[in-house]
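Commentary on secondary and tertiary structure
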Amino acid sequence: MRCLICFEQILITGIHTLLFHPPICHRCFLKMNRTPKKIFIDGIPIQTFYPYEDFMISLVYQYKGCRDFALAPVFFAYDAFYLKIKYRDYWIVPVPSYKKSEEERGFSHVKEMYRFLNRPFLDCLQKKENFKQANLSKEKRKESVKNIQRCLDPPLQNKKILIVDDIITTGSTLQRCLHLMKDLKPKKIDIVAMAYTLSNS
Ligand SMILES: [Zn+2]
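What you are looking at is a predicted structure, and each value in this text was computed from that prediction instead of being measured.

1. Observations regarding the environment of Y114
Here Y114 lies in helix 6 (residues 109-114). Side-chain polar atoms of Y114 contact the backbone oxygen of V192, separated by 3.4 Å.

2. So, the coordination of the zinc ion
Looking at the zinc ion, the protein donor atoms are C3 (SG), C6 (SG), C25 (SG) and C28 (SG), and they sit 2.3 Å from it. The coordination sphere of the zinc ion comprises four donor atoms, whose angles at the metal cover 105 to 115°; the geometry is tetrahedral. Each donor residue of the zinc ion lies on one chain, and together they are spaced C-x2-C-x18-C-x2-C. Take C25: its relative accessible area is 6%, and that puts it in the buried class. A relative accessible area of 2% places C28 in the buried class.

3. Re the layout of surface pockets
One simple way to see leftover space: roll a probe sized like a water molecule over the atoms. Here the second largest pocket defines a volume of roughly 350 Å³. For the second largest pocket, the lining is made up of 16 residues, of which P96, S97, K99, E102 and L125 are closest to its centre. Those elements giving two or more residues to the lining of the second largest pocket turn out to be helix 5 (99-105) and strand 4 (125-127). Partitioning the lining of the second largest pocket into residue classes produces seven nonpolar, three polar and six charged.

So, how was this worked out
Residues numbered from 1 in each chain as written. Predicted model: local features only at pLDDT ≥ 70, side-chain atom pairs only at ≥ 80, totals over all residues. Heavy atoms only, no water. Helix = DSSP H or I, 4+ residues; strand = E, 2+ residues; numbered from the N terminus. Polar contact = N/O pair within 3.5 Å; in protein donor to acceptor, adjacent residues only side chain to side chain. Donors = N, O, S within 2.8 Å, 3.2 Å for Na, K, Ca; no water. Tetrahedral: all angles 85-135°; square planar, octahedral: opposite > 155°, others 65-115°. Buried < 20%, exposed > 50% of the residue type's maximum accessible area, 1.4 Å probe, protein only. 1 Å grid on protein atoms, 1.4 Å probe; cavity = no way out; pocket = protein on both sides within 12 Å on 5 of 7 lines; lining within 4 Å. Points joined across faces, edges and corners; volume = space filled by probe spheres on them. Nonpolar A, V, L, I, M, F, W, Y, C, P; charged D, E, K, R; others polar.

So, in structure tokens, the structure goes:
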């Protein structure tokens, strides 16, 4: 088996490689600098896994910017097994992308990243306009997240919801999504974001 990132042969370096068959080699895994961290929004913990720096920035760019769809399984290579068990009875709500950007890209980068969970996606949130959070002032950011709206109101009283995103920057997007989903009163809400920017640490 070859590493999805560097194409080197994957060597069995330990029990983990033997049991879980990660699609990446140990060297690439180390470069990703997996450092799990919980960030709190409105008292709800967001589980994140990687600082968004150097290697991760280029990896995400290759995946999302260069549309290298085949990289989707690398981000949770070492956590897939545990997350699949933890969220086995959850419904997945992806943080929405602007529809046009997604059509241009040809795939939903957030959904593909979390497809390994093998759980149904609930597309109940949409992004009306395109904006880059990082380029906006704090006030503008608060205003701009109102572009994210609920487009479906499925009954969720008996459902557990997992909101998923790729990178948490300021947290205001996830905060907005959390707020919109809370209105539907699901049984439980958890949040996972693959990476976090260092402004969050
Ligand atoms: Zn590799």
